[in-house]
Amino acid sequence: MDSESLLLSLELASGSGQGLSPDRRASLLTSLTLVKRDYRYDRVLFWGRILGIVADYYIAQGLSADQLAPRKTLYSLNCMEWSLLPPATEEMMTQTSVVKGRFMGDPSHEYEHTEMQKVNDGEKVFDEEVVVQIKEESRLVSIIDQIDKAVAVIPRGALYKTPFGPIHVNRTFEGLSLSEAKKLSSYFHFREPIELKNKTLLEKADMDPSLDFLDSLEYDIPKGSWSMQMERGNTLVVLRSLLWPGLTFFHAPHTKNCGYIYVGTGEKNIDLPFML
Amino acid sequence: MGDPEFPPQEPLGSQEDQDTLDVQAMRSNLMGWPQAAENQEMYQPEEAQLGTPQYLSPNVSFPAGYQPQPFQEEGDAQLPLSTNLMMQQLQQGQGTFFQHLDSTYQDPRQGFPSSSALYSGEEARFEGAQQGPYMQEDPAYPFLSGDMGYVPFNMDLPEPEPRELAVQNAKAYLLQTSINSHLSLYEHLVNVLTKILNQRPENPLSMLEWLNRTAQAEWFHPKLDTLRDDPEMQPTYEMAERQRALFVRGGQGEGEQEMEEEVGDTAVPNVMEMAFYFEQAGVGLSSDESFRIFMALKQLVEQQPIHTCRFWGKILGLSRSYLVAEVEFREGEEEGEEEEVEEVVEGGEPLEPRDEEEGEEDEEKAADAIPKPTWKPPPVIPREESRSGTNKYLYFVCNEPGRAWTRLPHVTPLQIVQARKIKKFFTGYLDAPVVSFPPFPGNEANYLRAQIARISAATHISPLGFYQFGEEEGDEEEEGGAGRESFEENPDFEGIPVLELVDSMANWVHHVQHILPQGRCSWVNPMQKMEEEEELGEEEEKADEGIEEVEQEIGPPLLTPLSEDAEILHMSPWTARLSCSLCPQYSVAVVRSNLWPGAYTYATGKKFENIYIGWGHKYSPDNFNPPLPAPIQQEYPSGPDVMEMSDPTVEEEQALKAAQEQALAAAEEEEEDEEEEEEEDLED
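Everything quoted here is computed from the prediction, not taken from an experiment.

All names here are of chain A. If you look at the biggest cluster of nonpolar residues, it comprises 54 residues, and the most contacted ones within it are Trp 47, Ile 50, Leu 140, Ile 147, Tyr 187 and Phe 190. Sorting elements by how many residues they give to this core places helix α4 (residues 136-151) first, with six residues. If sequence neighbours within four positions are ignored, Phe 190 has contacts with Arg 43, Leu 63, Gln 67, Leu 68, Arg 71, Ala 152, Val 153, Ile 154, Leu 159 and Tyr 260.

The structure is reproduced here in structure tokens:
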């Protein structure tokens with residue numbers, strides 16, 4: 001959610017039950033403004049909160065003028081001092097995919113993971129148990145990246161593409177209408193499109209190239225991994241991801257307000273197919 | 001369209017007036033294009049009698065708003081001005097055929113007429129260039145001819161020339177109205193340009209799209225029809241009506257009496273206070289949502305005979321969510337419906353084995369005995385009584401504040417046992433089936449109730465000392481070692497300092513009974529019931545399949561501190577924090593459950609409260625593994641009449657045949673011998 005409209009967004013996203021306490025809200029308002037100034041970001045998003053056992057991580061992201069460019073992620077333990085996280089790499093992702101369980105809450109905590117590695121000793125090849133230390137910081141980075149790639153949502157029309165290349169925020173976005181807001185196809189993934197090329201010609205003919213340049217949520221696998229509800233007496237659309245429980249996207253139809261927040265343990269819900 | 005800016009005027013005689021008139025006329029002509037379709041104005045192609053361009057003196061009375069100031073911003077400032085003036089001069093010799101038309105502009109600015117003149121006006125006036133009829137659309141057209149002013153004109157009477165026709169066609173096309181409204185492209189462009197000129201934004205080219213959209217929006221904004229309601233907004237208005245009903249007090253004019261009643265003790269909990277404290281912890285719904293819940297609970301209290309009521313929490317579902325209220329009815333107010341339902345169910349089950357037995361008896365008397373099934377259903381464990389154990393409280397749910405509260409049925413031990421084995425999302429509809437393996441005995445309402453029972457038992461905690469056991473307690477032995485069941489509030493409770501609450505888990509205790517693996521809080525020996533069934537049965541081969549000695553299941557007793565809770569993978573099942581580290585003196589202690597994500601408790605001073613907001617599932621570090629299907633059952637007991645025997649081979653049959661023949665032959669010989677002997681005997 002945009003840091004400019006933080007309070008309203010938190011209010012609208014509170015249907016999932018998790019939010020921020022007043023002291024955190026106040027700290028965020030101040031510190032995010034300073035972050036924007038210091039790092040010269042175009043837009044600062046408050047991404048959410050990852051619950052750890054000892055402490056919680058508060059995550060923010062900074063965007064440049066091009067909305068789809070790689071974002072800079074920052075974390076903080078007290079909503080006041082922010083530290084920049086390194087960008088996610090493939091190596092980091094594979095390394096941290098073996099770690100399971102909750103986050104500890106201490107960025108310097110190291111997970112130990114024993115691996116069987118083949119060690120060549122002259123001509124003999126034997127397996128040796130190697131203990132690999134994985135830092136919680138890398139795990140944090142890869143989880144945030146995974147969540148963004150999987151379930152970050154933006155409504156259709158909120159961003160538009162210019163022929164020059166960069167993706168801009170659409171300042172004339174008036175919000176979706178009620179009938180559009182109830183369809184999953186009006187929401188897009190907020191990341192580089194993957195499925196677009198696979199569309200049939202018929203589908204492509206209906207698309208508006210300046211608005212329909214992202215993947216829609218309709219074709220997500222497994223089908224039904226999004227829960228859509230109307231809250232507040234039918235004036236607010238809330239999308240909750242079932243694959244990453246804790247991610248809430250809200251949008252008030254006919255208004256500009258939209259945003260998403262993740263408040264959860266940072267674990268994927270692998271049991272999803274059993275639960276549907 | 002607005003009022004005509006230039007009122008129709010009679011053609012005046014004097015030249016100056018004529019000038020004024022003509023200027024006005026010209027301007028109104030220029031700007032009255034929308035009316036062109038209606039008033040077919042005739043253009044007077046004229047000859048340009050242009051010598052030196054005459055510059056109009058500022059004293060010429062122009063219509064309001066028209067300022068002949070040079071167009072400063074553009075480089076070619078002179079050009080539009082001169083063309084303007086030239087056009088004015090052209091009109092001088094013109095007759096009085098101009099009709100004064102309405103103008104769509106309210107604030108014409110000086111630059112505008114020149115722009116439109118560039119594109120549409122010139123072509124009509126200047127006939128000179130011998131280009132084709134569509135050259136006029138070329139924006140560079142007016143600049144193509146070298147000398148701007150010296151283009152010959154005909155002074156003939158009006159005749160629609162091909163160029164004229166082309167221009168009129170173009171105009172007519174531009175004036176086409178769109179389907180949605182009575183606005184045409186021409187008018188829209190005119191609006192946009194007026195807007196730009198009025199507001200003079202910086203860098204207008206980059207804002208062109210936005211301006212376009214906003215101008216459109218202003219015209220196309222749908223207005224509320226006085227007769228018909230907007231169909232899209234219908235459900236929203238309905239919900240709003242329902243919620244409005246919450247806020248309307250049910251008073252019939254006796255306002256004061258009601259106030260007194262309400263100020264006294266009501267069962268409605270102070271939801272707002274709870275919401276405030278949980279907000280400090282960063283948990284909970286927004287404040288207006290909490291208030292609506294409060295009003296809905298108040299409505300519930302008025303409708304049902306409720307003794308105590310508590311907001312239990314919110315369970316999220318796929319299409320709708322559930323708001324759960326935990327209530328206790330007043331003494332003796334138990335609804336009879338529930339018990340009737342239970343009786344029917346329980347009556348059904350003991351009947352079934354009976355039918356089986358009778359049926360089988362008949363079969364026995366028949367010729368062939370059908371093999372009897374050896375499977376006996378496991379004994380049904382009776383559910384706990386209302387107001388005890390898992391059924392201590394009654395639960396009401398509703399989907400949204402304003403909707404009706406539905407009562408959830410009591411939970412049976414079997415449902416709890418099965419609920420532990422499955423993991424399904426709630427859809428939001430109470431009568432939805434729960435499709436799972438092992439099959440869940442009930443629909444979503446039962447599953448919801450079972451999960452609520454499990455969550456309450458696992459996560460409802462209170463500070464140590466808040467509750468204590470009553471003084472009149474029977475011996476533990478009498479109750480079969482199940483522990484004490486009841487507790488009461490401790491009037492001498494003084495509160496534990498918040499820092500201590502956060503430091504050690506031993507300062508918190510569970511105040512809801514633990515659910516045994518059997519599915520109940522108090523243990524019931526299933527064997528006893530089986531013996532009763534055995535007595536009912538007759539002549540059954542009751543193979544005593546070892547009436548197993550079922551061990552009594554014991555769980556932790558009531559009011560056990562949290563430090564005794566089992567760990568999850570070396571992780572404590574509870575996380576305790578101060579709500580605000582910056583101001584510890586006013587913080588509350590917040591405890592979060594790691595086993596049931598979404599369960600929170602706060603405590604400060606003498607107050608504490610539990611809440612659950614989440615999906616309703618337990619946390620498990622391992623993946624969910626559904627149990628495998630049971631092995632296929634044996635259909636018949638093995639026996640010679642059922643077993644398949646292998647057919648004899650050919651050699652065996654031949655050997656048998658040979659043996660039989662031999663035996664036959666031997667028998668015949670014997671007979672012959674006997675006959676011979678008899679004959680011999682006879683002969684003798």
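The interface of chain A with chain B comprises 48 residues on the first partner and 48 residues on the second. It is A:Thr172, A:Phe274 and A:Met275 in chain A that bury the most area against chain B; as a group they hold 15% of the surface buried on that side. Viewed at the interface, chain B and chain A are joined by six salt bridges. Between B:Lys314 and A:Glu231 there is a salt bridge, and its shortest N-O distance comes to 3.5 Å. Here chain A is connected to chain B by 24 residue pairs in polar contact (both at pLDDT 80 or more). Top element by residues in the side of chain A that touches chain B is strand β11 (residues 226-231) of chain A. It accounts for five residues. For the side of chain A that touches chain B, the residue count by class is 17 nonpolar, 19 polar and 12 charged.

Bringing helix α5 (residues 162-174) of chain B into the picture now. All names here are of chain B. Helix length check: α5, at 13 residues, gives a terminal C-alpha distance of 18 Å against a target of 18 Å (1.5 Å per residue), a fit within 8%. Among the residues making up α5, those that are buried are Arg 163, Glu 164, Ala 166, Val 167 and Lys 171. One side of α5 holds all its buried residues, which, seen down the axis, span an arc of 165 degrees. Seen from the buried face of α5, the exposed residues on the opposite side, beyond 90 degrees, are Pro 162 and Tyr 173.

All names here are of chain B. For helix α6 (residues 185-199), which comprises 15 residues, the first-to-last C-alpha distance of 21 Å matches the rise-based estimate of 21 Å (1.5 Å per residue) to within 8%. Every buried residue belonging to α6 is among Tyr 186, Glu 187, His 188, Val 190, Val 192, Thr 194, Lys 195, Ile 196 and Leu 197, and all of these are buried. Among the residues trailing α6, Arg 200 stands out with phi positive, at a value near 50 degrees.

To continue, consider the confidence of the model for chain A. Across chain A, pLDDT averages 86, with 99% of residues at or above 70. Considering each helix and strand of chain A separately, the mean pLDDT is smallest for strand β5 (residues 110-121) of chain A, with a value of 75, and largest for strand β13 (residues 247-251) of chain A, with 93.

Summed over all chains, the structure comprises 20 salt bridges over all chains. For A:Arg156, the salt bridge is made with A:Asp212, and the minimal N-O distance between the two is 2.7 Å. Linking A:Arg156 in the loop between β7 (153-155) and β8 (159-161) with A:Asp212 in the loop between α6 (201-206) and β11, this pair joins segments that are 56 residues apart in sequence. Looking at A:Asp212, the relative accessible area reads 11%, which means it is buried. The salt bridge involving A:Arg240 is made with A:Glu231; its shortest N-O contact spans 3.0 Å. Classification of A:Arg240 as buried rests on a relative accessible area of 2%. Among the charged side chains, a network of salt bridges with common partners joins A:Glu11, A:Arg232, B:Asp288, B:Glu289 and B:Arg292.

Conventions we followed
- Residues numbered from 1 in each chain as written.
- Chains lettered and ligands numbered in written order.
- Predicted model: local features only at pLDDT ≥ 70, side-chain atom pairs only at ≥ 80, totals over all residues.
- Heavy atoms only, no water.
- Core = buried A, V, L, I, M, F, W, Y, C linked by side-chain atoms within 4.5 Å.
- Buried < 20%, exposed > 50% of the residue type's maximum accessible area, 1.4 Å probe, protein only.
- Helix = DSSP H or I, 4+ residues; strand = E, 2+ residues; numbered from the N terminus.
- Contact = heavy atoms within 4.5 Å.
- Buried area = accessible area lost by both parts, 1.4 Å probe.
- Salt bridge = Lys/Arg side-chain N within 4 Å of Asp/Glu carboxyl O.
- Polar contact = N/O pair within 3.5 Å; in protein donor to acceptor, adjacent residues only side chain to side chain.
- Nonpolar A, V, L, I, M, F, W, Y, C, P; charged D, E, K, R; others polar.
- Expected span 1.5 Å × (residues − 1).
- Arc of directions from axis to C-beta.
- pLDDT = per-residue confidence, 0-100.

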